[in-house]
Amino acid sequence: MTTNPIFQGVFPAITTPFNADGSVDHGFLREHARWMMDAGNAGMIPLGSLGEGNTLDFHEKTAILETLVDALGTAPVIPGIASLSTHGAVQLAQAARDIGCRGLMVLPPYVYTSDWREMKAHVATVLAATELPVILYNNPIAYRTDFLAPQVAELSAEHPNLRGVKESSGDSRRVTALRAALPDTVDILVGLDDMALEGVAAGATGWVAGLVNAYPAESVRLFELARAGEWAQAQELYRWFLPLLRLDTVNKFVQLIKFVQEEVGHGNARVRAPRLELTADEQAMVRELLRAARA
């Protein structure tokens, strides 16, 4: 297995498009993924939180992966691997490998959370289930499990295919702590849209992005400016983008980002229950943000 850094650049957490009957719209999924890759993104991350992965059954998940692997060719498809059980996570990880995915993003188990011994055992079992390179997803706010830098370093020392960490605690000091604790072969990715510049400044080399689903070129440009140290230009673009990027950090981020997609003409706002589409007041708020951005 290569020791070169592999999870660098912008990776869309791609939304899952639905038809009017609630089924997955594979035609638009294929088009949408190619559109974002054409803008310069580094790979595609389906089945995550933004992809409403916890509303999809196993066969829907594997069908989505088959569509994306076929659509993107050699571009890496890196699905979110989450389940109520460790066994379920292993099944999905191995299915993703067999379909042709190039990596995995491993989440703690849905619903159940516990101490480091149990959470380490869950992640380690999924890491050991394939040879694919893995991003560990740390989002203590959403999943109530907090992987600290020394713990991630412990996993990295025991599992060489742990090659990235998606850090979504909202604390940029976590990025510097991870960078100090981990070898250079493990990439650190920002997991919150409104921490992109702060994350790069702290040492992140990747960004798992949300608003990229509506603004792929702008997202890639922002990240490239930051990586190149062009801070004045990056900050100017960031100031313009931030009101929209903050939509990624609230409870209804899925509904909000899908609505932005619909408003810019690249997607629809359909979501799966228990999520409901935005109220008229919420839609008006987003339209006002978009009006200001266009101005």
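Structure report, in brief. (Residues numbered from 1 in each chain as written. Predicted model: local features only at pLDDT ≥ 70, side-chain atom pairs only at ≥ 80, totals over all residues. Heavy atoms only, no water.)

Right, let's talk about the environment of Leu72 for a bit. Within the fold, Leu72 resides in helix H2 (residues 58–72). On the accessibility criterion, Leu72 (11% relative accessible area) is buried. Along the sequence, Leu72 and Leu148 sit 76 residues apart, while their C-alpha atoms lie 34 Å from each other. Apart from the residues lying within four places of it in its own chain, the contact partners of Leu72 are Ala33, Arg34, Met37, Met44 and Val77. (Helix = DSSP H or I, 4+ residues; strand = E, 2+ residues; numbered from the N terminus. Buried < 20%, exposed > 50% of the residue type's maximum accessible area, 1.4 Å probe, protein only. Contact = heavy atoms within 4.5 Å.)

Counting 102 residues, the largest nonpolar core has Trp207 and Leu222 as its most contacted members. With 7 residues, the single largest contributor to this core is helix H10 (residues 231–245). Contact partners of Leu222, with chain neighbours within four places excluded, come to Ala196, Leu197, Trp207, Ala234, Leu237, Tyr238, Phe241 and Leu245. (Core = buried A, V, L, I, M, F, W, Y, C linked by side-chain atoms within 4.5 Å.)

Right, let's talk about the pairing of strand E6 (residues 187–190) for a bit. Of the two faces of E6, the one lined by Asp187 and Leu189 and the one lined by Ile188 and Val190 are each fully buried. Here strand E5 (residues 162–167) pairs with E6 via 4 bridges, running parallel. Residue pairing in the sheet places Lys166 in a bridge with Leu189 of E6. Note that the unit made of E5, helix H7 (residues 172–181) and E6 has a crossover that is right-handed. Two strands pair when backbone bridges link them, and E6 and strand E7 (residues 206–209) are joined in this way by 2 bridges, in the parallel orientation. (Pairing = 2+ DSSP bridges. Right-handed = clockwise from strand over helix to strand, strands pointing away.)

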